[in-house]
Each structure stands twice: as C-alpha cells, then as structure tokens.
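Summary of structural features
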Amino acid sequence: MEGEGGGEGEEEAEDAVVLSSRLLRGRRQQVDVRLTRRVLTWKDVNKTTKCGNVGFGHFSGTAACPRIQVCEIVAVQDGDGTHPITEPAEGEAVAKQHKKPHPHAFTVCYVRRSAQHRWLSRDVTFCCGHQSLQRQWITAVQQNLALLSNRPRSLLVFINPHGGRQLAVWIYDRKVAPLFARAGISADVIITERANHARDHLREQRGNLDKYDGVVCVGGDGMFSEVLHGLVSGTQANHGVDQDRPDARLVPCSLRIGIIPAGSTDCVCYSTTGTNDPVTSALHIILGDSQPMDVCSVHSDAAFLRYSVSLLGYGFYGDVLANSERNRWMGPLRYDLAGVRTFLSHQYYEGSVWFVPAPETQRLPGVREQCVARCHVCQQGSCSEKMELKHLSDDEDKFIKGSGGEWRVVQGKFLAINMATMSCACPRSPQGLSPSAHLADGTADLILVRGCSRFGFFRHLLRHTNADDQFDHSFVEVHRVRRFRFQPKNQQLCVAPEDPSGAEKGTKTHTFSPICRAGEEVPAQSTWTCDGEMLPHAAIQVRVQGKLIRLFARGIEHQ
Ligand SMILES: Nc1ncnc2c1ncn2[C@@H]1O[C@H](COP(=O)(O)OP(=O)(O)OP(=O)(O)O)[C@@H](O)[C@H]1O
Ligand SMILES: CCCCCCCCCCCCC/C=C/[C@@H](O)[C@H](CO)NC(=O)CCCCC
Ligand SMILES: [Ca+2]
C-alpha cells in the first residue's frame, strides 16, 4: 500500500539500488526517488522520513516512506498516465495546452489494496528535469518488470454476454481491457455465441494454444466450468490419458485460468481472491499470480460425467439448482426464489455414501482454519501428494485383497449431501459452505445433513451467512475425503463393494440395479448440481485430483 513504512531493512540492504534521483512528484513536491530490484520508494526532501535502508544517505529519518513493490507495478509509461506524451496534431496544440503534461513526466501504475480484499490500480507521476533522465527511469522500471517471468503477455479471453446481470461485455471493455492494454498484454477476445462455445473452442484448438500464457473467462461459475472442461479434457487428449477411466491420473494443465467475475454466484472467483471484483481479478492476472487448485473428476460407472472445483450437491442444493433453471432470465435472483421453494419442500433422500477419508494429517482441524495465500497446508501438497500415491495404492491393494480397505460407508436419509472441494465462499456466504476447506490440498469436504426439523435446517442454512459454525448441529457431519461414491436407495449394490477399485480399473466387479419389489414405494431421487450444472445421474463416484489446474489468483491474503 502506498504510504506503508519500511521495516524490512536487512532484506532491502541486500537489494542493490538500480537508480536514484531527485525528481518532482506531480508538479510541486520535491522527492528523492529510489529504485531497487524489489521496491520503488520516494521521500519528500522537506520531511524527515525513514525508508528502512541504513546504507542510503538520503533515506533515513523517522516517518515512513511511500513504497511500491516492483512485483506489484502494473506498468510504467511516459506522461501523466492519462495523457501519454505524443506530438499533438496540428491545430490540437492550442486547444489542449491547458491539459499538457510535464514534458518529461513518467507515471507508474501499481496495485493498491483496499478493504475486503479488493485491489485498485493507482498512478504516481514523477517529473524529470530532462528527457534523458525520464528515459532512464522508464527503461529501468521496464527492465525490472521484464525480470518477472510469471507475467502473462498474451491471453485468450472468452466473454459470456448472457451470464449474471448480462454486463460481461461492458465489464471487460470498460474495466479490464484498458488495464490489460496498459500492462502490454495482448488479448484475443471471443464473445461466446452459445453455451459450450468456449469449451469446444479450447478442445478443438488444443494443439494451438501454446501462443497464449493463459485463458480468461468473463462470466460466472458456468463460464469458468466451460474453460475448465475445455482445458482439462484437451490436456488429457494431448497426453493420451483416457478421462473415462475413474482411476486415471490426470495430467495438470499448463495454461493458467483467469476469472473476471460477471456471473450470479462467482464462487470460484470469490474463494480464490476474496472478492468478486473485476478490477481485482484483472490485477491478479496482470501480476501473473498462480494459485493451484484441486479438481474432482465425477464418473457414473465407467463413464466420465464432469469436473468440479466448487460444489457437488445432492438434495437441497441439487434441488435449488433444478428449481432455478427455468428462471434463468431472472439472473442471480433465481437462486433466492428457488432456495425458498426448496426449503419449504423439506425433501430428504435415502442412500449410501461411501468415502475414503484423507490421511490423518489432513483431517478437519478442531478450530476453524482458513486456506490463505501461500497456505502451508496446500504447500505441503507436493510431499503429501507423494504420500497420497502411496496411500491410495495401499488402499487399492487392500480392496483387491477384499478387506474393505479404508472405504467407509454412511447410510440414511439426507436433506443434503455436499462435497466442497474448496470453501465455496461467495457473496451469499462469505465464509463458504466449508470455511476451512483448502484450495489445493488434494481433499474435499463431505458434508452430510441428515433429516432434521425445518427449524433446525433453517438455523443450519442461516449460519452460512454469519460467523457461527454451521457444522455444530447433531444432524450435520463432515469428513475430509479423497474419494467418494453415492448410491441412491432404490439402486442397491447387488454385490457389496468390497472391491470398489475393481470397477475403477475398468473390470466391473459389481453392478447396481433396482431391487424394489412391485408395489413398494420408490424413494425420491434428487439430482446432483456440479458447480451449477445438473448431472443426469444420481449414482456417482468422485475422485479428487490434487492441483490439476492453476488460476491467476493467490488465495485470501491476511488483512
Ligand atoms: N453465448 C451464450 N449463450 C447462451 N449461454 C451461454 C453463452 N455463453 C455461455 N453460456 C452458458 O451460460 C451459462 C451461465 O453462464 P455464467 O456462468 O457466465 O453465468 P451465471 O450462471 O449467471 O453465473 P454463476 O455460474 O456464477 O451462477 C454457462 O453454463 C455457459 O455455458
Ligand atoms: C435463511 C437464509 C438462508 C441462506 C442460505 C445461504 C446458503 C448459501 C450457500 C452458498 C453456497 C454456494 C456454493 C456454490 C455453488 C456454485 O457452484 C453454483 C454455481 O455458481 N451456485 C449455486 O449452485 C447457487 C447456490 C445458491 C444457493 C442459495
Ligand atoms: Ca481441496
């Protein structure tokens, strides 16, 4: 944040000065400006300030100096940011004279943090005494930026003109494109013409995406899901991996995904940046942030159904989605209407839930612990992923031996069965469906809401909107899991799944079939919502694929 003090003296002392000069900030304020590889700082020559660098004569004192991290600079350009210095056309000169910028000014555009995880772009303009000094400064900052190799230069952008409040095109043109242009990012923009346009384009062009550093979607969770499916399926096809096999180890995607929120829930964006603000997302993309994310692969018997990163929900959320679909024209309001209707129906569903718990080290913490930027739990992923490989093969060995392995089963009547691969925080529920779920730990949280009173369920739902613990009810249980299967009541296993892995190896050892006798009442079935899309199957099996994709985001920063 501009105005933040030093305090990192030792680190900075090692950070050699690239350039330092006495310049004007704006037109009047005399400042000593200093650029190192890591920071740009300046101090008012008439004030006593402290910039944290012991070895630099000009920069000592008591108050704090403004400082900008080089990695948070968006761009540097000549002029005052709004009026680049170009020769005015004949006749224009007089008319624009009063707006004419300082002839040797340069402007640094940088990220400034605001409340509630929102980022803003801000400008600071310095004026040099002569042109060669101005060029020296611009070149020095540009050379520093060029060292930041994770920044994207070229993006493929999909805009869904019909998502959310139908503002996606306006949001991109007015808020995002000018920032990309300023940062020197080139963008190929496709405004989608139908559902699945983005997914199909990415699949078809999967051999020609090397020229891009990332794919950006402007829309909601549905648009993100299209890009996810296009990239993940395309990557598997490129590597000869058969995604129909539930046991397939999927190959991570090389292209990062950016989300400019313009949908109804924007849960993926909110959970990975802490807000649903288009400018914040654009700035995370420009800085080249990288947030790995778990993805669930969802299968029905041996056929691939979909990928999920946020909520796989059966019962309440599945019904909310099904009830909301016919009111898409209402935009975000459709979910509120469907929510009330579904709540009043108070329908529960019978079935069996099978799951493989995460290893002991990754079980739910006793206290609420949030996944944050540079999350240590997610960073352990690479080492625990190796453990996971061992654990899973151990599990599979046990199944093959018919011991039942680590699979556990819970049977009963459920109002909701939710599998949250990440917190699913969104404006409706700022802490999310599972507040302590992690973005990239290779696990998902399985939340089982059993039959209870309407009042009890209302209290549970209400707690999603405040700081109270929505799991602190006798009818709610949570498990941190790596794999999961669901079997509705009217489709029982003909052979007990002593070896669920058998089916996953393509050798189906058990079958599901209705066992209800004539005249017997068939229990009601719900549908699954998979990141906001309906699944046509009730019986599914799910596997968490750790860190399969990366987003232009960094997780939630401490404030
Ligand atoms: N040009 C288009 N015409 C019709 N549908 C489209 C088009 N482009 C994309 N879609 C589909 O529109 C659906 C909804 O889009 P999107 O996710 O952007 O908004 P939303 O559903 O309002 O928001 P959220 O998913 O956050 O609730 C997506 O499933 C996507 O496949
Ligand atoms: C008495 C007050 C009750 C308030 C209850 C609020 C509970 C909110 C929990 C929100 C969880 C959202 C999970 C994210 C799901 C997304 O993948 C999906 C696609 O965008 N959105 C929905 O299914 C839309 C889901 C909308 C649910 C209402
Ligand atoms: Ca996770």
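Residues numbered from 1 in each chain as written. Chains lettered and ligands numbered in written order. Predicted model: local features only at pLDDT ≥ 70, side-chain atom pairs only at ≥ 80, totals over all residues. Heavy atoms only, no water.

Another point: the overall build of the chain. Each helix and strand in the chain was counted, giving 14 helices and 25 strands. In the chain, which comprises 559 residues, the share counted as buried stands at 54%. Long-range contacts, defined as pairs at least 24 residues apart, comprise 75% of the intrachain contacts of the chain with a sequence gap of at least 6. As displayed, the chain has an accessible area near 24,900 Å², and 50% of this comes from carbon and sulfur atoms. (Helix = DSSP H or I, 4+ residues; strand = E, 2+ residues; numbered from the N terminus. Buried < 20%, exposed > 50% of the residue type's maximum accessible area, 1.4 Å probe, protein only. Contact = heavy atoms within 4.5 Å. Areas by Shrake-Rupley, 256 points an atom, 1.4 Å probe, with all protein chains shown as cover.)

Moving on to the pairing of strand S19 (residues 444–450). Counting buried positions over the 7 residues of S19 gives 6, a clear majority of the element. Where strand S18 (residues 408–420) lies against S19, 6 bridges are found, and the strand directions are antiparallel. Paired with Ala420 across the strands is Asp445, a residue of S19. Summarising the sheet, S19 and strand S20 (residues 476–488) pair through 6 bridges and their orientation is antiparallel. (Pairing = 2+ DSSP bridges.)

Now for unusual backbone geometry. Phi at His117 is positive, roughly 70°, even though this residue is not glycine. Inspection of the secondary structure assignment puts His117 in the loop between strand S8 (105–113) and strand S9 (119–127). Positive phi is not limited to glycine here, since Arg374 has a value of about 55°. Relative to the elements of secondary structure, Arg374 occurs in the loop between strand S17 (349–357) and helix H11 (376–379). Here Arg374 falls in the exposed class, since its relative accessible area comes to 63%.

Let us now look at the coordination of the calcium ion (ligand 3). For the calcium ion (ligand 3), every protein donor is listed as Asp294 (OD), Thr421 (O), His438 (O), Asp441 (OD) and Thr443 (O), and the spread of their distances is 2.3 to 2.6 Å. Each donor residue of the calcium ion (ligand 3) lies on the same chain, and together they follow the pattern D-x126-T-x16-H-x2-D-x1-T. Here the residue Asp294 occupies a position in strand S14 (residues 291–300), and Thr443 occupies one in the loop between S18 and S19, the gap between them amounting to 149 residues. Residue class for Thr443 comes out buried when judged on its relative accessible area of 2%. (Donors = N, O, S within 2.8 Å, 3.2 Å for Na, K, Ca; no water.)

Now for the pairing of strand S16 (residues 311–315). Summarising burial for S16: 5 of the 5 residues are buried, a large majority. Two elements, S16 and S18, share 5 bridges in a ladder whose sense is antiparallel. Across the sheet, Tyr314 pairs through a bridge with Ile417, a residue of S18. In this structure, S16 lies alongside strand S23 (residues 528–530), joined through 3 bridges in antiparallel fashion. Within S23, the residue paired with Leu312 across the bridge is Cys530.

Each assigned domain of the chain is listed with its residue range as follows: domain 1 (11–146), domain 2 (153–288) and domain 3 (295–546). For the pair domain 1 and domain 2, the number of links is 2 salt bridges. Between Asp123 and Arg182 there is a salt bridge, with the nearest N and O atoms lying 3.0 Å from each other. Taken together, the links from domain 1 to domain 2 amount to 4 residue pairs in polar contact (both at pLDDT 80 or more). Broken down by secondary-structure element, the contributors of at least two residues to the side of domain 1 that touches domain 2 are strand S7 (73–78), S8 and S9. In terms of residue class, the side of domain 1 that touches domain 2 is built from 8 nonpolar, 6 polar and 3 charged. (Domains from an automatic or database assignment. Salt bridge = Lys/Arg side-chain N within 4 Å of Asp/Glu carboxyl O. Polar contact = N/O pair within 3.5 Å; in protein donor to acceptor, adjacent residues only side chain to side chain. Nonpolar A, V, L, I, M, F, W, Y, C, P; charged D, E, K, R; others polar.)

Residues in close proximity to ligand 1 total 22 residues, the closest being Thr192, Gly220, Gly222, Glu226 and Ser264. Interatomic distance of 2.8 Å between a backbone N/O atom of Gly164 and an oxygen atom of ligand 1. Measuring from an oxygen atom of ligand 1, one finds a backbone N or O atom of Met223 at 3.1 Å. In the complex, 87% of the free accessible area of ligand 1, which totals 640 Å², lies under the protein chains. When contributions to the shell around ligand 1 are tallied by element, the ones reaching two or more residues are helix H6 (221–238) and helix H10 (333–345). Here the shell around ligand 1 gets 4 residues from one element, more than from any other, and that element is H6. (Near = heavy atom within 4 Å.)

Across all of its chains, the model carries 14 aromatic pairs by this definition. On the basis of an interplanar angle of 75° and a centroid distance of 5.3 Å, the ring pair of Trp42 and Phe126 is categorised as edge-to-face. With Trp42 in strand S3 (residues 39–44) and Phe126 in strand S9, this pair connects stretches of sequence that are 84 residues apart. Residue Trp42 is classed as buried on the basis of its relative accessible area of 1%. Residue classification places Phe126 among the buried positions, given a relative accessible area of 0%. Ring plane angle 40° and centroid distance 5.6 Å describe the contact between Phe106 and Phe126, whose orientation is recorded as tilted. You can see Phe106 sitting in strand S8 and its partner Phe126 sitting in strand S9, a full 20 residues away along the chain. (Phe/Tyr/Trp six-rings, centres within 6.5 Å; stacked < 30°, edge-to-face > 60°.)

A few words on the site of ligand 2. Near ligand 2 lie 18 residues; those nearest to it are Asp221, Thr265, Ser310, Phe458 and Asp531. In the environment of ligand 2, an oxygen atom lies 3.2 Å from a nitrogen or oxygen atom belonging to the side chain of Thr265. One nitrogen or oxygen atom from the side chain of Ser310 is found 3.0 Å from an oxygen atom belonging to ligand 2. Alone, ligand 2 offers 690 Å² of accessible surface; in the complex the protein occludes 87% of this. In terms of residue count, helix H13 (residues 454–462) provides more of the shell around ligand 2 than any other element does, 3 residues in total. When residues of the shell around ligand 2 are assigned to domains, at least three map to each of domain 2 (153–288) and domain 3 (295–546).

Spatially, the 7 strands line up as an open sheet ordered S6-S3-S2-S1-S9-S8-S7, and their pairing is antiparallel. Whereas interior strands pair on both sides, the edge strands pair on one side only; in this sheet they are strand S6 (67–69) and S7. Each adjacent strand pair in this sheet contributes to an overall mean axis angle of 30°, direction not counted. Of the pairings in the sheet, the one linking S8 to S9 comprises 9 bridges and is antiparallel in character. By the bridge assignment for S9, Thr107 is matched with Thr125. Packing of helix H3 (residues 131–146) onto the sheet brings it into contact with strand S1 (17–25), strand S2 (29–36), S3, S7 and S8, and relative to S7 it is tilted by some 155°. (Axes fitted to C-alpha atoms, helices over the stretch in contact; angles between N-to-C directions.)

On to the side chain of Ser434, then. When you line up the elements, Ser434 lands in the loop between S18 and S19. A relative accessible area of 0% means that Ser434 is categorised as buried. Apart from residues no more than four positions distant in its own chain, Ser434 is found in contact with Ala420, Ser423, Asp445, Ile447, Gln470 and Phe471.

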